[in-house]
Amino acid sequence: MFVFDTLTHRLKRGCETMAYPKGPAPALPDRHGGTLKVDASQCADGCKACVPVCPTQAITRANGETVALDLGRCIFCAACVEVCPSKAITQTGDHRMAVRRREDLLLGRTGAEELRLGTALEEKLRQLFGRSLRLRQVSAGGCNACEADTNVLGTIGWDLSRFGIQFVASPRHADGLLITGPVTKGMELALKKTWDAVPTPKIVIAVGACAIAGGPFVGHREVNDGAASVVPVDLYIPGCPPHPLTILDGLLRLLGRLDERPVPV
Amino acid sequence: MSASTPFALFANATSLPWAEVPAWPVAELVHKTGRELNRGARLCAWFGLPEGDRTCLVAVLAFDADNTLAVGRSTPFIGTYPALTLLNPQAHLFEREVWEQHGLTPAGHPWLKPVRRTAGDAPANGEFFRVDGREIHEVAVGPVHAGIIEPGHFRFQCAGEEVLHLEIALGYQHRGVETALAGGPHRATMSQMETVAGDTTIAHATAHATILESLAGAEAPLRAQWLRAMALELERLANHTGDMGALANDVAFLPTSAACGKIRGDFLNLTALICGNRFGRGLVRPGGCRHDLEPARATQLLGRLKTALADTEQALAWLWDAASVRTRFENVGVVFPAQAAEIGLVGPAARACGLVRDVRYDHPAGWHRFAQAPVAVWPGGDVFARARVRSLEIQRAGQYLGEQLAAPADGELHSEIAPPAPDTFAVALVEGWRGEVCHVALTDTAGRFRRYKIVDPSFHNWTGLALALRGTAISDFPICNKSFNLSYCGFDL
Ligand code: SF4
């Protein structure tokens, strides 16, 4: 009779998959804050209050220059936001953070106050992968949080497979890699071999501050400071870890499957 | 019993001057440590401390029944010493680690090889224990596994389906965490402590914050201690629920697997309700907490918690009702109680062998001095027992949260603490969801870290998984593995 119980319970609950992207995106936790924005014109002359509080040295300000924030290194602790006396660095509440080029995560210069969201794959690849993308995930020194929030996309709430995106066991069945972790020296060879085993054309997605730039472990001699030092990267998704919504947005953005609409504030 | 020990005694989350830690020639330290282990102490940490071109060995022991910790050390030496492992197997990985890090050779150690191979080749390229015979075959798995999971290498010696021996080679995740702590704390230190094992953020962050507080001779305000305890239980709920779902998935029981996968996220979102991050990053800071759980937020949390707990209960009821699931769990992956005690298992894996072993109860610190939950224990040592303990802990964590959220501590959330005292030794144990998280620190004359040792529960427990596989069908590896769900990066550091 438990089969019957199970079935009725399931029926009672109905469909638990979120409406997004057809409906509105689920709200980020109010203290999450979303991505950051830098308005260097607000900075007081010579102020460097934010520089020393950043745990990953994502913020620099050379003498006579404006402040520069590298969102690829950022772990979104918001220590800079708290300490900034002139509100030059602020949280936008926006979950969308994926970019195609590393330099699109560098904020600070005039015209570069915000990150430059990534565009879809070029037409030929988009036709190949747009409706069916198989990824092999490689954790290369990840702390298991980026991995967990990638994994969660496979649960009934997010249901990644409705977009034709799937994680597969063998690199030979994959169209690309999704990499987490700074790429430890111990995983360098394994990552290269896995990449080699993926048939071309292939794509690489770097998820999390570690995979983009080394994250909290940037500069350690035991790590490589990011996936791009070993394989070419096509999409960068910042965060520590990125919220599942941010990862999903990145994947759909890459496949050109989002019709852009104004961001919920 | 411990009153007559020659070791220096102290309580969890406190510190003592390094000069008060007794020092003996190394053979005597090994002998004395062995004697304490033989009469019921546990080895929490065993590590080297460089002194010039020599090294001291330091032993941190726990007398669980006396709620007391003990520490002793050797005088500096180089070369060889008599292995503690010979009579006390729980030291085996510690001695390999010391050998790898400091070149001290434990004479007579039965299986001396690096634990992380920090300096050399990929760990899978090492030497492995091999079983010979015409019917024997070897299976090598990893470092890259089939799912979304951290890397490690498993080498099985099999006779047909049956696993005779499993050797686990880790080190792929080594990020240099301990090395980086020397001379610290640095500005990246807190973020690194939060990511030692990313699914155990609250436990490791709490241990580290506690170390800094006790080195400063201070305590975090009560409200912060309360909030840390709440976050610790939320972490436990999320991980246990996720693992119950994963176990269900591995025996093809999809209703529970589907439900738990989602509910796990609901628990993570409760942590995010407190601090914005689903894993609790940015919540715990030395001297207190960084985000408050105001009454309105607490009410919201409690409401959502109740729903998630009810959902979990329902999903787990399906699982435990199903005879097809129970038979898949029973008598699979057995670790015998005697083995568990011998290798020093901790956490749910130990409690599933009937060992009453829980830091929250044995060595209460922080909020656990005022409020405790009963320890969840189950006999048997198989996958069934580990799953039962997880289920029980889900219930008890839920109940504990319900009670404690209704009775918050008032007052400040954070207070400035003094810099760490010089030449001082501190230990902090926290019962993370996998078991005992142990942080040990020693400061130098300037009050900076001279040595910082981290022992993730996985360090004790990987050997448990290897033992569980003996005599088990290799096709049962996934459920055995999920029932432990150990950390790779927490081990590799
Ligand atoms: S980016 Fe952060 S969450 Fe992701 S693996 Fe690195 S430390 Fe962990």
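Note that the coordinates shown come from a computational prediction; the quantities given were computed from them, not determined experimentally.

Draft legend 1. Here's a closer look at the overall build of chain A. What chain A contains, in helices and strands, is 7 helices and 10 strands. Here the C-alpha radius of gyration of chain A, 20 Å, is about what a compact globule of 265 residues would show, namely 18 Å. Taking the principal axes of the C-alpha coordinates as reference, chain A spans close to 70 × 45 × 40 Å. The buried share of chain A, taken over its 265 residues, is 57%. For chain A, the exposed area adds up to about 11500 Å²; of that, 54% sits on carbon and sulfur atoms. With 31 positive and 27 negative side-chain charges, chain A shows a spacing of 4 Å between the two charge centroids.

Draft legend 2. Main features of the domain arrangement of chain B. All names here are of chain B. Annotation of chain B at the domain level lists domain 1 (2-118), domain 2 (125-169) and domain 3 (177-484). Centre-to-centre, using C-alpha coordinates, domain 2 lies 29 Å away from domain 3. Roughly 1000 Å² of surface becomes buried between domain 2 and domain 3 when both sides are summed, with 68% attributable to carbon and sulfur atoms. In terms of surface lost to domain 3, no three residues of domain 2 exceed Glu161, Val163 and Leu166, which account for 42% of the buried area on that side. The tally of links between domain 2 and domain 3 comes to 0 salt bridges. Applying the counting rule to domain 2 against domain 3 returns 5 residue pairs in polar contact (both at pLDDT 80 or more). Among the secondary structure elements, those contributing two or more residues to the side of domain 2 that touches domain 3 are β10 (153-159) and β11 (162-169). Of all the elements, β11 adds the most residues to the side of domain 2 that touches domain 3, at 6 residues. In the side of domain 2 that touches domain 3, the residues fall into 8 nonpolar, 1 polar and 2 charged.

Draft legend 3. Quick peek at the interface of chain B and chain A. Every contact between the two is made by 53 residues of chain B and, on the other side, 53 residues of chain A. Summing both partners gives a buried area of about 4300 Å² for chain B against chain A, and 57% of it is carried by carbon and sulfur. The interface formed by chain B and chain A contains 5 salt bridges. Among the salt bridges present, the one from Arg290(B) reaches Glu82(A), with a minimum N-O distance of 2.9 Å. Viewed at the interface, chain A and chain B are joined by 22 residue pairs in polar contact (both at pLDDT 80 or more). At the level of elements, α3 (177-181), α4 (189-194), α7 (254-275) and α8 (295-321) of chain B are the ones that each hand at least two residues to the side of chain B that touches chain A. Of the residues in the side of chain B that touches chain A, the class split is 23 nonpolar, 15 polar and 15 charged.

Draft legend 4. Region of interest: the sheet that holds strand β2 (residues 59-60) of chain A. Residue and element names in this part refer to chain A. Spatially, β2-β3-β5 is the arrangement adopted by the 3 strands of the open sheet, whose pairing is antiparallel. Strands at the two margins of the open sheet, each flanked by one partner only, are β2 and β5 (106-107). The sheet contact formed by β2 and strand β3 (residues 68-70) spans 2 bridges and is antiparallel. Within β3, the position partnered with Thr60 by the bridge is Ala68.

Draft legend 5. Quick look at unusual backbone geometry. Across the junction of Gly142(B) and Pro143(B), the peptide omega takes the value 15°, indicating a cis bond. Here Pro143(B) lies in the loop between β9 (136-141) and β10. Cis peptide bonds are those with omega within 30 degrees of zero, and the linkage from Gly184(B) to Pro185(B) qualifies with 5°. Within the secondary structure layout, Pro185(B) lies in the loop between α3 and α4. Despite not being glycine, Gln57(A) has its phi angle at roughly 55°, a positive value. Looking at the secondary structure, you find Gln57(A) in the loop between β1 (36-38) and β2. Residue class for Gln57(A) comes out partly exposed when judged on its relative accessible area of 44%. If you check the backbone angles, Asp159(A) has positive phi at about 45° while not being a glycine. Assignment of secondary structure puts Asp159(A) in the loop between α4 (145-151) and β7 (165-167). Assessed through its relative accessible area of 24%, Asp159(A) is described here as partly exposed.

Draft legend 6. Layout of the packing of helix α6 (residues 222-250) of chain B against α8(B). All names here are of chain B. Contact geometry of α6 with α8 gives a least axis separation of 11 Å together with a crossing angle of 25°. Classified by the angle their axes make, α6 and α8 are roughly parallel. You can see that α6 and α8 cross each other, and the crossing is left-handed. Contacts between α6 and α8 involve Leu234, Leu237, Thr241, Met244 and Ala248 from the former and Leu301, Leu305, Leu309, Thr312, Leu316, Leu319 and Trp320 from the latter. A per-class count over the contact of α6 with α8 returns 10 nonpolar, 2 polar and no charged.

Cut-offs applied
Residues numbered from 1 in each chain as written. Chains lettered and ligands numbered in written order. Predicted model: local features only at pLDDT ≥ 70, side-chain atom pairs only at ≥ 80, totals over all residues. Heavy atoms only, no water. Helix = DSSP H or I, 4+ residues; strand = E, 2+ residues; numbered from the N terminus. Rg over C-alpha atoms; globule rule 2.2 N^0.38 Å. Buried < 20%, exposed > 50% of the residue type's maximum accessible area, 1.4 Å probe, protein only. Areas by Shrake-Rupley, 256 points an atom, 1.4 Å probe, with all protein chains shown as cover. Lys, Arg positive; Asp, Glu negative; His and termini not counted. Charge placed at Lys NZ, Arg CZ, Asp CG, Glu CD. Domains from an automatic or database assignment. Buried area = accessible area lost by both parts, 1.4 Å probe. Salt bridge = Lys/Arg side-chain N within 4 Å of Asp/Glu carboxyl O. Polar contact = N/O pair within 3.5 Å; in protein donor to acceptor, adjacent residues only side chain to side chain. Nonpolar A, V, L, I, M, F, W, Y, C, P; charged D, E, K, R; others polar. Contact = heavy atoms within 4.5 Å. Pairing = 2+ DSSP bridges. Axes fitted to C-alpha atoms, helices over the stretch in contact; angles between N-to-C directions. Parallel < 35°, antiparallel > 145°, perpendicular 65-115°, else oblique. Left-handed = near helix turned anticlockwise from the far one by under 90°.

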